[in-house]
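Single-letter residue listing:
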Amino acid sequence: MAHGALTSLRSPWPVPARPPHVVIFPLPAQGHVNTMLRLAELLILRSGRNGLCVTFLNSEQNHLRLLSFTDAADRFSEHPTFCFKTISDGLPPEAPLSKDTILEMMEYLKLTARDVIADVIAPPPTSSSLPPVTCIIVDGALSFVIDLGEDIGVPVFVFRTISACGFWAYFCMPRLVEAGELPIQGEDDKDRLLTSIPAMEGFLRCRDLPTFCQVTDLSDAFFRYIEDQTIRTSQARGLILNTFDALEESMLDQIRPHCPNLYTVGPLNTHLRSIQLSTGSSPVISSGGRSSNSLWKEDRSCLRWLDMQPERSVVYVSFGSITVFKGKELTEFWHGLAASKFRFLWVMRPGSVPDQDEEDDELRAVTRERGCIVEWAPQEEVLAHPAIGGFLTHSGWNSTIESIAAGVPMVCWPYIAEQPTNSRFVSEVWKVGMDMKGSCDRRVIERMVGDLMTGRREELATTAACMAEAAAEAVSQGGSSWDSMNRLIDDIWTMASPHKRVDH
Ligand SMILES: O=c1ccn([C@@H]2O[C@H](COP(=O)(O)OP(=O)(O)O[C@H]3O[C@H](CO)[C@@H](O)[C@H](O)[C@H]3O)[C@@H](O)[C@H]2O)c(=O)[nH]1
């Protein structure tokens, strides 16, 4: 590690007799593991050299994939105060994640979490270099850990990997039920405007709610699970969000009375990168590369392909780690992109696409001419590439905030979870893109991609550039996310050595 560089990082926290030890417990899924690893690394780097320790709970399967496909092993070995601990996620090897398997995994973790936590907080053997556990930062999808923390006297912070608008929509589920706005009455009811989610009145329709809320039956297992886990957040020591104040101020104002200890530390990717650059924290970063927490092998050949394309000429197409195309959806996207006449870089994750059909030959010819298809891309680097002009996305929160941070406008085709809420905010509130919602029709795709790349190009690009600037400001020294991270580290430090609180 470049210690010389590290000493230049401001680290106002004193070296306590027993430095803080934070256990980080993500839901074992790509969009959760990568962002919570970023948080872990940021906590260590932002704390400077004063020894904050992190134990990261990683599922056995994800751990193998992370070590096989990324620089994580080298990168984290640079941090002597970081360690991985592997746990079981209860799923068969290689089981694809879907609504059903995620629920199964969450229920399994609910049953086993007590033993996992007991094991990790057990007093370390004298030979261990790790101090006792100070607090747990748990994924908001596993908020039941708050109760375990209370039982054993360890404070628990909740980290939600979703947007503040998505969180607030989930948080208002009981209000929606009480007001009779849920359940919805079927497909015909989806354009109804909702009135009982404060700060979203007037533009949020039933179809913009998280998919788990768009139920016709309130006894739906996922609906019940999410409602329960979200409400518990208020009992946590604090709520950490991967967003920034300037982006979601009105939502944060709504959340704060329910979760007063609110830490907005995003965009985590840019926040981490700026610290990595200033500390020269790993050989990959020092040589100009980017760190990766991918659970699939990144195909870097697409960067060479992008190098050969004109500036802002390529649509980046990626639907995240869970989306699976149904019926003719893939063909519609392909036809829409082909008809748009724009160049495209498309991530087709293994397992996300149906069997090839008879139209493939024609579409593959178009792809050879002006497309590039990979199974998994180095997304952060792709979004930062000058050849990218727009992003056709499923509106997963990581993709959305990464795109905002990179100043890339979007066309959104939300698929699951809080993605419909994110996409509504992209189009109606932040005005950095368009929302396809539900429709998967080649003509709509052709038209929206055309608007993205030409028709509305300048208007969207100007707004997106302003957003990216605000994001960069938030994570720079003295910015809102920078200060929030200071406050979080300070609060953790105080827990570890309550009599040594420092003002800075
Ligand atoms: O080729 C690719 C495609 C994706 N990514 C990365 O994978 C992550 C994907 O995360 P996200 O965009 O959030 O999509 P999902 O993994 O599908 O997201 C799940 O988790 C998110 C965070 O909780 C939720 O917002 C989504 O609704 C939920 O589906 C991002 O960091 C991307 O940069 C790559 O590195 N390469």
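This is a predicted model, so every value here is computed, not measured.

## Remarks on the overall build of the protein
Helix and strand counts for the protein stand at 21 helices and 13 strands. Its C-alpha atoms give the protein a radius of gyration of 22 Å, within 12% of the compact-globule value 23 Å for 504 residues. Across its three principal axes, the protein shows a C-alpha extent of roughly 65 × 55 × 45 Å. Expressed as a percentage of its 504 residues, the buried residues of the protein come to 61%.

## Here we look at the state of the cysteines
Scanning the model with the defined rule gives 0 disulfides in all. Distance from the sulfur of Cys 135, which forms no disulfide, to the nearest cysteine sulfur (Cys 53) is 12 Å. As a non-bridged cysteine, Cys 165 has Cys 412 as the owner of its nearest cysteine sulfur, 11 Å distant.

## Things to note about unusual backbone geometry
Residue Pro 183 follows Leu 182 across a cis peptide bond; omega there is 5°. Residue position: Pro 183 is located in the loop between helix H8 (173–178) and helix H9 (221–232). Cis rather than trans, the peptide bond between Gly 266 and Pro 267 has omega equal to -5°. Here Pro 267 shows up in the loop between strand S7 (262–264) and helix H11 (268–279). The phi torsion at Ala 199 lies on the positive side, around 75°, for a residue other than glycine. Take Ala 199: it is sitting in the loop between H8 and H9.

## So, the sheet that holds strand S8 (residues 314–318)
Ordered by their spatial adjacency, 6 strands build an open sheet running S10-S9-S8-S11-S12-S13, and the pairing between neighbours is parallel. In this open sheet, the two strands that pair with only one neighbour each are strand S10 (371–374) and strand S13 (433–435). Between one strand and the next, the sheet's axes are offset by a mean angle of 15°, whatever the strand orientation. Those strands touched by helix H15 (residues 360–370) are strand S9 (343–347) and S10, and its axis lies near 105° from that of S10. Strands in contact with helix H18 (residues 419–429) are strand S12 (410–412) and S13; relative to S13, the strand with the most contacts, it is inclined by about 130°.

## Observations regarding the sheet that holds strand S3 (residues 82–87)
Taken in spatial order, the 7 strands line up as S3-S2-S1-S4-S5-S6-S7 in an open sheet, and their pairing is parallel. Looking along the sheet, the strands with just one partner apiece sit at the ends: S3 and S7. The mean inter-strand angle of the sheet, taken between neighbouring strand axes irrespective of direction, is 20°. Bridging between strand S6 (residues 238–241) and S7 involves 3 bridges; their strand directions are parallel. By the bridge assignment for S7, Leu 241 is matched with Thr 264. Against the sheet, helix H3 (residues 60–69) engages strand S2 (53–59) and S3, with an angle of about 105° to S2.

## Section: the nonpolar core
Ranked by internal contacts, the top residues of the largest apolar core, which has 137 residues, are Phe 25, Leu 43, Ile 137, Met 200, Leu 345 and Trp 430. Beyond its immediate sequence surroundings of up to four residues, Met 200 is in contact with Cys 165, Trp 168, Ala 169, Met 251, Thr 421 and Phe 425. Membership of the second largest hydrophobic core comes to 28 residues, among which are Phe 319, Met 434, Ile 445 and Met 448.

## Overview of the site of the ligand
With respect to spatial proximity, 25 residues lie near the ligand, and among them Thr 161, Ser 321, Ser 399, Glu 402 and Glu 418 are the closest. Here a nitrogen atom of the ligand sits 3.3 Å away from a polar atom, N or O, in the side chain of Trp 376. Backbone polar atom of Ala 377 to a nitrogen atom of the ligand: 2.6 Å apart, as the coordinates give it. When isolated, the ligand has an accessible area of 690 Å², and the protein chains bury 96% of it. Broken down by secondary-structure element, the contributors of at least two residues to the shell around the ligand are helix H2 (30–46), S8 and helix H17 (397–406). Along the lines of polarity and charge, the residues of the shell around the ligand split into 8 nonpolar, 15 polar and 2 charged.

## Looking at the pattern of salt bridges
The final tally for this structure, using the stated rule, is 25 salt bridges. One salt bridge in this structure joins Arg 205 and Asp 208, with 2.8 Å as the shortest N-O distance. Residue classification places Arg 205 among the buried residues on the basis of a relative accessible area of 17%. On the accessibility criterion, Asp 208 (0% relative accessible area) is buried. Note that Arg 443 and Asp 441 form a salt bridge whose closest N and O atoms lie 3.1 Å from each other.

## A short note on H9
Its 12 residues give H9 an end-to-end C-alpha distance of 17 Å, which sits within 8% of 16 Å, the value for a rise of 1.5 Å per residue. Residue Asp 220 occupies the N-cap position of H9, its side-chain oxygen lying 3.1 Å from the main-chain nitrogen of Phe 222.

Procedures and definitions
- Residues numbered from 1 in each chain as written.
- Predicted model: local features only at pLDDT ≥ 70, side-chain atom pairs only at ≥ 80, totals over all residues.
- Heavy atoms only, no water.
- Helix = DSSP H or I, 4+ residues; strand = E, 2+ residues; numbered from the N terminus.
- Rg over C-alpha atoms; globule rule 2.2 N^0.38 Å.
- Buried < 20%, exposed > 50% of the residue type's maximum accessible area, 1.4 Å probe, protein only.
- Disulfide = S-S within 2.5 Å.
- Pairing = 2+ DSSP bridges.
- Axes fitted to C-alpha atoms, helices over the stretch in contact; angles between N-to-C directions.
- Contact = heavy atoms within 4.5 Å.
- Core = buried A, V, L, I, M, F, W, Y, C linked by side-chain atoms within 4.5 Å.
- Near = heavy atom within 4 Å.
- Polar contact = N/O pair within 3.5 Å; in protein donor to acceptor, adjacent residues only side chain to side chain.
- Areas by Shrake-Rupley, 256 points an atom, 1.4 Å probe, with all protein chains shown as cover.
- Nonpolar A, V, L, I, M, F, W, Y, C, P; charged D, E, K, R; others polar.
- Salt bridge = Lys/Arg side-chain N within 4 Å of Asp/Glu carboxyl O.
- Expected span 1.5 Å × (residues − 1).

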